[in-house]
Amino acid sequence: MTPSKLFENYFDEFVELFPSCNDYLNLDKYKHLNNKMENTLSKEHIEEQKKLYRKYIRLSNKLLKDKSIKNLKHILYLEILKYLCSNNLKSFNYNFDLIPISHQENIITTIFEMANGKTYYSFKTKKDYKDFITKMDSFPEIINSIIENMREGIKKKYVLPTILATKLYDQLVNALKNKIYQQDIKIKLDFDFNAQLECIFT
C-alpha cells in the first residue's frame, strides 16, 4: 500500500465512523451519509474508534519502516497520522466520557443549532430536511448514553462542579423554552419539519 492510498483509506474509514463530520465538509463522496449521526459516547462506538486508531498506527509504522519510501512529505504525513491516532487512543485512558456534556461542549444544543439551519448543516432541498429527520433517529440513543455515562460518573465521583452543572441545566432549559431548534423554512415541504423536531426533542 502506498502512503497516499493509506491516507485515503483512513479518511474514508474516519468519515464512515464519524459521518457528521461531512455536515460541514460537505463532500459529494460522502453525501450518502448525510442521514446518519454517530453516537460517540456508546461503548460500541468507542471500541470502533480504538480499532480504527490501532489499525492506522500499525499501518503507519509498517510504511515508515519501508526503505523504498523516500518522499519526505509522505514520511512527515505518516508521522502526523501516527501521532494523531496515538493521541486519540491515549485519550481513552481518561474518564472524559463520564462528563459527556458541559455548558461549553454540549452535543444537545449543537444538534438544536444544526436543526435551526443557522450553523454548518445545510438545508437547501427537501431531501436535506428528510435526511436531518432520519439523522435524528440516533438522538434518543445519544441522550441515553449521556445519562448512563453521567450516572457512572456519579458512582465514581467524577462529575461536573455544581456551578458548571447549574450552567448546563440553565442552558438546556433555555434552549427548550425558546425552541432554538425551530426554523423559518423557505421551501415547501410535504411534512411539518418543526413539528417533527418538537416530537423528537421534547
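The model shown is predicted, which means the values in this text are computed figures rather than measured ones. (Residues numbered from 1 in each chain as written. Predicted model: local features only at pLDDT ≥ 70, side-chain atom pairs only at ≥ 80, totals over all residues. Heavy atoms only, no water.)

(A) Up close: the packing of aromatic side chains. Under the counting rule described, the total for this entry stands at 19 aromatic pairs. Arranged with centres 5.5 Å apart and planes meeting at 70°, the rings of F123 and F193 form a pair that is edge-to-face. In this pair, F123 sits in the loop between α5 (107-115) and α6 (126-135) while F193 sits in helix α9 (residues 193-201), placing the two residues 70 residues apart along the sequence. F193 shares its class with F123; the two are buried. (Phe/Tyr/Trp six-rings, centres within 6.5 Å; stacked < 30°, edge-to-face > 60°. Helix = DSSP H or I, 4+ residues; strand = E, 2+ residues; numbered from the N terminus. Buried < 20%, exposed > 50% of the residue type's maximum accessible area, 1.4 Å probe, protein only.)

(B) Expanded view of the side chain of H45. Within the secondary structure, H45 is located in helix α3 (residues 43-64). Judged by its relative accessible area of 10%, H45 is buried. Once you skip the residues sitting within four places of it in the chain, H45 turns out to touch L17, F18, E38, N39 and T40. (Contact = heavy atoms within 4.5 Å.)

(C) Up close: the pattern of salt bridges. A full pass over the atoms with the stated rule returns 11 salt bridges. The partner of E47 in a salt bridge is K50, and the shortest N-O contact between them spans 3.6 Å. Taken together, the residues span about one helical turn, with E47 and K50 both in helix α3 at a distance of three residues. According to the relative accessible area criterion, E47 is partly exposed, its value standing at 43%. What makes K50 buried here is its relative accessible area of 18%. (Salt bridge = Lys/Arg side-chain N within 4 Å of Asp/Glu carboxyl O.)

(D) Focus on a nonpolar patch on the surface. A cluster of nonpolar side chains, namely F11, Y24, L25, L27 and Y120, defines an oily patch on the protein surface of about 450 Å² accessible area. Tracing the sequence through the fold places Y120 in the loop between α5 and α6. (Patch = residues over 30% accessible without salt bridge, like charges linked within 9 Å, V, L, I, M, F, W, Y side chains within 5 Å. Areas by Shrake-Rupley, 256 points an atom, 1.4 Å probe, with all protein chains shown as cover.)

(E) Summary view of the packing of α5 against helix α8 (residues 162-177). Following both chains from N to C, one finds α5 and α8 inclined at 25°, their axes separated by 10 Å at the closest point. One finds that α5 runs roughly parallel with respect to α8. In the crossing of α5 with α8, the sense of the turn from one axis to the other is left-handed. Here I108, T109 and F112 of α5 come into contact with α8, specifically with Q171, L172, A175 and L176. Looking at the contact of α5 with α8 residue by residue, the class counts come to five nonpolar, two polar and no charged. (Axes fitted to C-alpha atoms, helices over the stretch in contact; angles between N-to-C directions. Parallel < 35°, antiparallel > 145°, perpendicular 65-115°, else oblique. Left-handed = near helix turned anticlockwise from the far one by under 90°. Nonpolar A, V, L, I, M, F, W, Y, C, P; charged D, E, K, R; others polar.)

(F) Structural view of the packing of helix α1 (residues 3-17) against α3. Packing of α1 against α3 brings their axes to within 11 Å, and their N-to-C directions diverge by 175°. With respect to their mutual orientation, α1 and α3 come out roughly antiparallel. When α1 is examined against α3, the residues P3, L6, N9, Y10, E13, F14 and L17 are found in contact with a partner set consisting of H45, E48, Q49, L52, Y53, K55, Y56, L59, S60 and L63. Among the residues making up the contact of α1 with α3, the classes are represented as 10 nonpolar, four polar and three charged.

(G) Quick peek at the nonpolar core. Grouped together as the largest cluster of nonpolar side chains are 27 residues, with contacts concentrated most on F132, F193, L197 and F201. For this core, the element with the highest residue contribution is α5, accounting for five residues. For F132, the residues in contact, after removing those within four places along its chain, are I111, M114, A115, Y121, F123, F193 and L197. With 15 residues, the next largest nonpolar core counts L6, L17, L52 and Y53 among its residues. (Core = buried A, V, L, I, M, F, W, Y, C linked by side-chain atoms within 4.5 Å.)

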